Amino acid sequence: MTVSVAPNAVAAVSEARLWQRLMEMAEIGGFVSEEGDTGVNRPCLTTLDRTARRLLISWAERIGASVTIDPAGNLFLRLEGEDPSLPPVLTGSHMDSQPQGGRFDGIYGVIAGLEAIEAVATAGIRPKRAIEVVAWTNEEGGRYAPGCTGSMSFADFRPMSDFDDIVDAAGIRYADALAEQMASESDLATRPLGYTPHAYLEAHIEQGPRLEVEGREIGVVSGIQGSRWFTVTIEGRSDHAGTTPLGLRRDAVQDMVRAITALNALMHDPDDVLRFTVASIRVEPDTSNSIARRVVFTIDFRHPDKAVLIERGDAITGVVEAAMTTCTATVHERFHALPVDFGATVPGAVAAAATSQGLSTITMPSGAFHDAQFMVPLCPTGMIFIPCRGGVSHHPAEYAEPVACANGARVLVQALLTLANS
Ligand code: HGY
Ligand code: MN
Ligand code: MN
């Protein structure tokens, strides 16, 4: 039965419309980098975010999708099914970007989801179950760490109140930024937080080189590696850079260097599977001639093996403390997402759809985390990857070919119909 409807929906996917919408979205927060690449800087819970959401809503309303938001600010576009009482199939991704982000990370999965329900509507198909497209709040964790606060709230992975007092660089609380977003969207219908979908399927660029290098068109994602984020605060004492003997200093930068050197040793992996990144460092008072009294730096640690993620991650505090010579250090874990495996149901639907459309596939894990990670305990979950140029992401040069975007949307619509009619 699904096969009889899928070809109509697959044929109704428009590469041109999908690409036009991606490029229109890329204008919102768009910029040209020093290297001449066209990037996007669209932080969550900002006027840019709200402008992008209004554009998405305008497209959704044209095809008769109903629009709602939940208390976490997650935005839902619903295409009704034959039986509204049945749990819907959920697809989507995020609309916020990294500060030096690209035109595809996250937003591709939202626009591909819209394209899928538009294709279903255009083909005149009424699936057994509704299909909903979600735009999750704050997946990136750029403005407010950690990421995935919208999907973690939805899945009750962590209570929404956990995030209330997180502040951005300007000192604005997450709860206040969310309240501003909700107030600006008070004309939209609301829904309660969370439900159990029949299944969840997210389309996303690979953010790695494998599909391109191996010349494959679709990634059937098998799971997502684990991620742990930490914030390390090192407290020293400010002093005059010209008059204070080194022997009397409590220099937070020097002890930070010792801590990161020790962490590099802890995280050494000759197989280069482990991912360890320090990429945000804040120094106070941050002048060249006053010794640093405080340093705050972030740790992004990832691994596909739960045992390694726990063992090495749990050792971080001790290693940092042991590296201190004159300062004190505190380590705070901000994000703790264990590796997840997507099982067979949704990856099977993805593989079957891609194969039936003559598209080549690889089954592969995700190195990046995604909102899908938090849907796994709720329902059968999976992801579709499309290739991106050079595997580049979290960079203005991030790029995916129009045909690759359309391939992903065609596999998405067929897999969604398979799941929605199951
Ligand atoms: O950091 C990540 O893995 C995701 O792209 N936000
Ligand atoms: Mn993403
Ligand atoms: Mn990202």
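Look a little higher up for the structure.
Residues numbered from 1 in each chain as written. Chains lettered and ligands numbered in written order. Predicted model: local features only at pLDDT ≥ 70, side-chain atom pairs only at ≥ 80, totals over all residues. Heavy atoms only, no water.

**Here's the deal with the overall build of the chain**
Point 1. Within the chain, the regular secondary structure consists of 11 helices and 17 strands.
Point 2. Over its C-alpha atoms the chain spans a radius of gyration of 23 Å, differing by no more than 12% from the 22 Å that the globule rule assigns to 422 residues.
Point 3. Dimensions of the chain along its principal axes, counting C-alpha atoms only, are 80 × 50 × 40 Å.
Point 4. Burial statistics for the chain: of 422 residues in total, 55% are counted as buried.
Point 5. In the chain, of all internal contacts separated by at least 6 residues, the share reaching a separation of at least 24 is 81%.
Point 6. Counting only carbon and sulfur atoms, one obtains 53% of the accessible surface of the chain, whose full area is about 16,500 Å².
Point 7. Distance between charge centres in the chain, computed from 33 positive and 52 negative side chains, equals 2 Å. (Helix = DSSP H or I, 4+ residues; strand = E, 2+ residues; numbered from the N terminus. Rg over C-alpha atoms; globule rule 2.2 N^0.38 Å. Buried < 20%, exposed > 50% of the residue type's maximum accessible area, 1.4 Å probe, protein only. Contact = heavy atoms within 4.5 Å. Areas by Shrake-Rupley, 256 points an atom, 1.4 Å probe, with all protein chains shown as cover. Lys, Arg positive; Asp, Glu negative; His and termini not counted. Charge placed at Lys NZ, Arg CZ, Asp CG, Glu CD.)

**Side note on the coordination of the manganese ion (ligand 2)**
Point 1. On the protein side, the manganese ion (ligand 2) has His94 (NE2), Asp105 (OD) and His204 (NE2) as donor atoms, found 2.1 to 2.3 Å from it.
Point 2. Every donor residue of the manganese ion (ligand 2) comes from the same chain, spaced as H-x10-D-x98-H.
Point 3. The metal-metal distance between the manganese ion (ligand 2) and the manganese ion (ligand 3) is 3.5 Å, with Asp105 serving as a donor to both. Linking Asp105 in the loop between strand 5 (89–94) and helix 4 (107–122) with His204 in strand 8 (residues 199–205), this pair joins segments that are 99 residues apart in sequence.
Point 4. With relative accessibility at 1%, the residue His204 sits in the buried group. (Donors = N, O, S within 2.8 Å, 3.2 Å for Na, K, Ca; no water.)

**A closer look at the site of ligand 1**
Point 1. Around ligand 1 sit Glu139, Glu140, Gln207, Arg302, Ala368, Phe369 and His394, and those are all the residues in its vicinity.
Point 2. Within the side chain of Arg302, one N or O atom sits 2.6 Å away from an oxygen atom of ligand 1.
Point 3. Of the residues assigned to the shell around ligand 1, the class counts are two nonpolar, two polar and three charged. (Near = heavy atom within 4 Å. Polar contact = N/O pair within 3.5 Å; in protein donor to acceptor, adjacent residues only side chain to side chain. Nonpolar A, V, L, I, M, F, W, Y, C, P; charged D, E, K, R; others polar.)

**Remarks on the side chain of His204**
Point 1. Engagement of the side chain of His204 in a polar contact is seen with the side chain of Asp105, the distance being 3.0 Å.
Point 2. Once residues lying within four places of it in the same chain are set aside, the contact partners of His204 are Ser93, His94, Asp105, Gly106, Tyr108, His370, Met383, Ile384, Phe385 and Ile386.

**What about the packing of aromatic side chains?**
Point 1. Throughout the structure, instances matching the rule amount to 15 aromatic pairs.
Point 2. Ring geometry for Phe335 against Phe369: centres 5.0 Å apart, planes inclined by 65°, an arrangement best described as edge-to-face. Separated by 34 residues along the polypeptide, Phe335 in strand 14 (residues 328–337) and Phe369 in the loop between strand 16 (361–366) and strand 17 (381–386) bring together distant segments of the chain. The exposure classification of Phe335 matches that of Phe369, with both residues buried.
Point 3. Each residue in the set Phe76, Trp136, Phe154, Tyr195 and Tyr200 is aromatic and connected to the rest through ring pairs, giving one cluster.
Point 4. For Arg191, the ring lying beneath its charged end belongs to Phe76, and the centroid distance is 4.0 Å. (Phe/Tyr/Trp six-rings, centres within 6.5 Å; stacked < 30°, edge-to-face > 60°. Lys NZ or Arg CZ within 6 Å of the ring centre and 35° of its normal.)

**Focus on the nonpolar core**
Point 1. Counting 68 residues, the largest nonpolar core has Leu22, Met25 and Leu77 as its most contacted members.
Point 2. Beyond its immediate sequence surroundings of up to four residues, Leu22 is in contact with Arg103, Phe104, Ile107, Tyr108, Ile111 and Cys405.
Point 3. One finds Tyr144, Ile362, Cys379 and Met383 within the second-largest nonpolar core, a separate group that totals 35 residues. (Core = buried A, V, L, I, M, F, W, Y, C linked by side-chain atoms within 4.5 Å.)

**Remarks on the pattern of salt bridges**
Point 1. Summed over all chains, the structure comprises 25 salt bridges.
Point 2. A salt bridge links Glu185 to Arg53, with the shortest nitrogen-to-oxygen separation between them at 2.8 Å. Taken as a pair, Glu185 in the loop between helix 6 (174–184) and strand 7 (189–190) and Arg53 in helix 3 (residues 47–62) lie far apart in primary sequence, 132 residues in all.
Point 3. We note a salt bridge from Arg302 to Asp300, for which the minimum N-O separation is 2.7 Å. Across this residue pair, the class does not change: Arg302 and Asp300 are buried. (Salt bridge = Lys/Arg side-chain N within 4 Å of Asp/Glu carboxyl O.)

**What to know about the state of the cysteines**
Point 1. Counted according to the given criterion, the structure contains zero disulfides.
Point 2. Here Cys148 stays unpaired: no disulfide links it, and the sulfur of Cys44, its closest cysteine neighbor, is 11 Å away.
Point 3. Residue classification places Cys148 among the buried residues on the basis of a relative accessible area of 0%.
Point 4. The cysteine Cys379 is free of any disulfide, with Cys148 supplying the nearest cysteine sulfur at 15 Å. (Disulfide = S-S within 2.5 Å.)

None of this, on its own, says anything about what the molecule does.
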